[in-house]
Structures are given as C-alpha cells and as structure tokens.
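Residue-level structural notes
The lines below spell out each chain.
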Amino acid sequence: MKIAIVCYPTFGGSGVVATELGVSLAQRGHEVHFITYSQPVRLALLNPNIFYHEVNVPDYPLFHYQPYELALSSKIVDMVKLYEIDILHVHYAIPHAFAGYMAKKMLEDMGIRLPMVTTLHGTDITLVGNHPNYKTAVSFSINKSDYVTSVSEDLKKSTYELFDVKKEIHVIPNFIEEKLNGFVSVTCKRLLFANDDERIITHISNFRKVKRIQDIIKVFDGIQKKIPAKLMMVGDGPEKRDAEKLAEELGISDKIIFFGNSNEVDSILRYSDLFLLPSETESFGLAALEAMACGVPVISSNSGGLPEVNVEGVTGYLSNIGDIDDMVNNALKVLTDDDVLSQFKANAIEHSKAFSVEKIVPAYEALYQKALNI
Ligand code: GMT
C-alpha cells in the first residue's frame, strides 16, 4: 500500500507513535509518505520506502494566524496525486483530521477516492479538542473519517462521553519498537550519573501541567530521604523552571539532573531503576511503556489509560492523582530490596511484549485494507 501519514514531528507521544508506525510499515514493504511541517524527530530517512514532504506556510503579514490547515490540505492533495497514494492516516485530531477531510473532499472533486483513518491520541480529546472553540470541528472531522482508532479503551470511552461521535472507535494500543526490548549492559554510562549504591529514578515528558511535574520532585524527595538516589528529568516544557525552583527549595538540586530533550531515551532508560509518571490524565502513557520495555518498573497515577499499561503490583504500582505519600511508599517497596527490584524489572519487560510492534502494526494494516475495500 502507499500510505500518507500526517503527524506532529515533535517529541510528543503522538508524533513518536506515528513515526514508529510509518517506519515499521516501510519495513513491511509499504510505501510511506510523512507529511508534516518538519522532519519527525525519530525519523531516519535511509529507507527507500520512506518519503518526507514538508508543509511550508508562507509568512504573510496580513495574517495574524498563518493558515497551516490550508497548506497541509493542499500538500496532501498534491502528494496523493503525484505519488498515487492509497490511504491517508492522520495522527491527532487537531487540526489533522479537519485538514485531511478537506483534502479528501478536494480529491473527490477530481474523481480520486482517498480513505482516511484518524487516530486519537489523548490531549486532542481530553484537553485541547474538548475546548468549546474546537469541539464542533473536532466532532465533525472524527465523524467524517472512514475509520477512527484510539490508543486505549479509556480514550475511546472519553471520546464518546465528551463528543457527539457516532463512528465506531477501534482501540489499537500504542506499541514499542523491537530494539527497546530487554536488558543491555550500560554500566559505564550509569556511573557518569550515579554512584553504585544509588538508585536511578527517571521521568520523561514534555513538562506540561498535565504531567504534574511538581509531584515528581516531591515523590523523589520522599524517596531520597530513605535511600540514596538520583533523579533524571528528561524533556523540556513550561513546567521545567518551577520544577528546578522546587528542587532548590527542597535542597535536592544536586541529586537531580535536568537533561532537556534527548534522542538517547533508550540509553537513559536502560540504566534507570524506576520510572515516575504521576500525570493528571494520560490516554496511554507511551513513555511508561518504553520504560517497561527497557526493564524499568513504573510508579504512576491511575488516571486515563495508565491501568491498561502499568499492572498494579506486577510492573509497578498505581496511586490516586496527587497522592505523594502512596507513590513514595510504592517506590520504596520496589527499590529497597534487590531481589524485588529484579523481579519487577523482569515483569516489566515481559508485560511490555504484549505491545510489541509485530502484534500491533498488523491491526493498522487490517484497518487500511478495510478502508480501501469500502
Ligand atoms: O503527553 C502529551 O502531552 C503528548 C501527547 C501527544 O499527543 O503527543 O501524548 C498523548 O499521546 C500519546 C501517544 O498516543 C500517549 O501515550 C499519551 O498518554 C497522550 N498524552 C495524554 O493523554 C496527556
């Protein structure tokens, strides 16, 4: 098949999933065309089946807001005609599903049929899409998609609750690429950041409010009062400065490393002992799954789709949102005994295999096939 993928090219989970999906589809022999405003961060172009088409939005002084959707829908139409693309897969409803639908209609006018699959990722439904200023257009474009998928059962439920969506929503969970799976010895690098007797605790995100970054610092504070530990904070975003300030106030700045955005997430995870994800809401929690695949148990909140990924008492523990004491206690249960930690690490790897690329990607292929046969 020739598949066009529209996504955000940034470090966010939806862009990462879209990129990994495209790469995997290309490896399975499909021709994949990424259409977005810059090259996706995890995309290596050295594959004859992968194409990247940049959407340029000319900066015209009359416009207070540059019309990205217009440029995107035009680009989709042009690329579909040029490469005879069979199917369009948009990741994140806003504004991709809307731009995709416009492209579909333009092509229809030219006698070309372009089936569209929309994947809902989380904040496009629970936070941004739900805003009254967007809701009408988001509902419309979801209903106009040929097939709709969501990354968890919980997100499917939220979509039906929050929007007037009539379409069937197919749950296709996120997945991890094979190279993440399992243990690898990274002793040397580990010693750059922590002493032998220290546990390494990690958080990776876009440092937005929804991630409850302050809770991470507080949980770490509770842990380091009981056992020697270091905290690795990977990523960047609006809450980072306040997190640094809180660390200073608590007198634990020397135990926390703020890495900023990184392309070496898997190396960092491989020498971590615990992953923290206390989010307010999380449709899936791809970062938690990536951690598990690298053998890192997870202490998370029990919000959204997290219970579908992190298994209580097996791959880690789940607490109510904001329950710092419970998170600290759970973290200590995992970290204080070497044998217990080893068991949780092994469980995390084992459970992550349910979300392997070989299991999940065929579900998307089957859906594309159905969309083509309508
Ligand atoms: O977590 C974010 O804020 C980024 C966001 C995105 O769209 O990139 O992540 C969402 O999609 C990910 C991939 O499907 C999910 O793993 C995240 O749980 C989801 N984030 C939220 O629901 C807050």
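If you're wondering where the values come from, they're calculated on a predicted model, not measured in any experiment.

A short note on the site of the ligand
What surrounds the ligand is a group of 17 residues, the closest being G13, S14, H121, K211 and E282. Within the contact set of the ligand, an oxygen atom lies 2.9 Å away from a side-chain nitrogen or oxygen of N206. Surface burial for the ligand is 93%, taken as the share of its 480 Å² of free accessible area covered by protein chains. Among the residues forming the shell around the ligand, the class breakdown is 4 nonpolar, 11 polar and 2 charged. In terms of domain composition, the shell around the ligand takes at least three residues from each of domain 1 (2–175 + 357–373) and domain 2 (178–355).

A look at the pattern of salt bridges
In the structure shown here, the tally under the stated rule is 17 salt bridges. A salt bridge links D164 to K166; the nearest nitrogen and oxygen atoms lie 2.9 Å apart. Residue E282 is joined to K211 by a salt bridge in which the shortest nitrogen-to-oxygen separation is 3.0 Å. Here K211 lies in the loop between β8 (199–204) and α8 (213–226) and E282 lies in the loop between β11 (274–277) and α11 (286–293), a separation of 71 residues in the sequence. Judged on exposure class, the residue E282 and its partner K211 are both buried. Shared partners join several salt bridges into a network, and the residues in it are R190, D273 and K345.

Points about the domain arrangement of the chain
What the domain assignment reports for the chain is domain 1 (2–175 + 357–373) and domain 2 (178–355). For domain 1 versus domain 2, the distance between C-alpha centres works out to 30 Å. Domain 1 puts 22 residues into the contact, and the matching count from domain 2 is 18 residues. Summing the contributions of domain 1 and of domain 2, the shared interface buries around 1400 Å²; its carbon and sulfur component is 57%. There are 0 salt bridges connecting domain 1 and domain 2. When contributions to the side of domain 1 that touches domain 2 are tallied by element, the ones reaching two or more residues are α1 (13–27), α6 (153–162) and α14 (357–373).

A word on a nonpolar patch on the surface
A contiguous nonpolar surface patch, about 340 Å² in accessible area, is contributed by Y60, L62 and F63. Structurally, the position occupied by F63 is in the loop between β3 (50–54) and α2 (68–83).

What about the packing of aromatic side chains?
Overall, the coordinates contain 10 aromatic pairs when judged by the stated rule. Taking 5.9 Å as the distance between ring centres and 80° as the angle between the ring planes, the aromatic pair formed by Y37 and Y68 counts as edge-to-face. Note that Y37 is positioned in the loop between β2 (31–36) and β3 and Y68 in helix α2, a separation of 31 residues in sequence. For Y37, a relative accessible area of 35% translates into the label partly exposed. What makes Y68 buried here is its relative accessible area of 15%. Measuring from centroid to centroid gives 5.8 Å for F284 and F355, while their planes differ by 85°, and the two rings are edge-to-face. One end of the pair, F284, is in the loop between β11 and α11; the other, F355, is in the loop between α13 (338–352) and α14, and 71 residues separate them in sequence. A residue is classified by how much of its surface remains accessible, and F284, at 2% relative accessible area, is buried. Site record: aromatic cluster; members linked through ring pairs are F98, Y101 and F140.

Cut-offs applied
- Residues numbered from 1 in each chain as written.
- Predicted model: local features only at pLDDT ≥ 70, side-chain atom pairs only at ≥ 80, totals over all residues.
- Heavy atoms only, no water.
- Near = heavy atom within 4 Å.
- Polar contact = N/O pair within 3.5 Å; in protein donor to acceptor, adjacent residues only side chain to side chain.
- Areas by Shrake-Rupley, 256 points an atom, 1.4 Å probe, with all protein chains shown as cover.
- Nonpolar A, V, L, I, M, F, W, Y, C, P; charged D, E, K, R; others polar.
- Domains from an automatic or database assignment.
- Salt bridge = Lys/Arg side-chain N within 4 Å of Asp/Glu carboxyl O.
- Helix = DSSP H or I, 4+ residues; strand = E, 2+ residues; numbered from the N terminus.
- Buried < 20%, exposed > 50% of the residue type's maximum accessible area, 1.4 Å probe, protein only.
- Contact = heavy atoms within 4.5 Å.
- Buried area = accessible area lost by both parts, 1.4 Å probe.
- Patch = residues over 30% accessible without salt bridge, like charges linked within 9 Å, V, L, I, M, F, W, Y side chains within 5 Å.
- Phe/Tyr/Trp six-rings, centres within 6.5 Å; stacked < 30°, edge-to-face > 60°.

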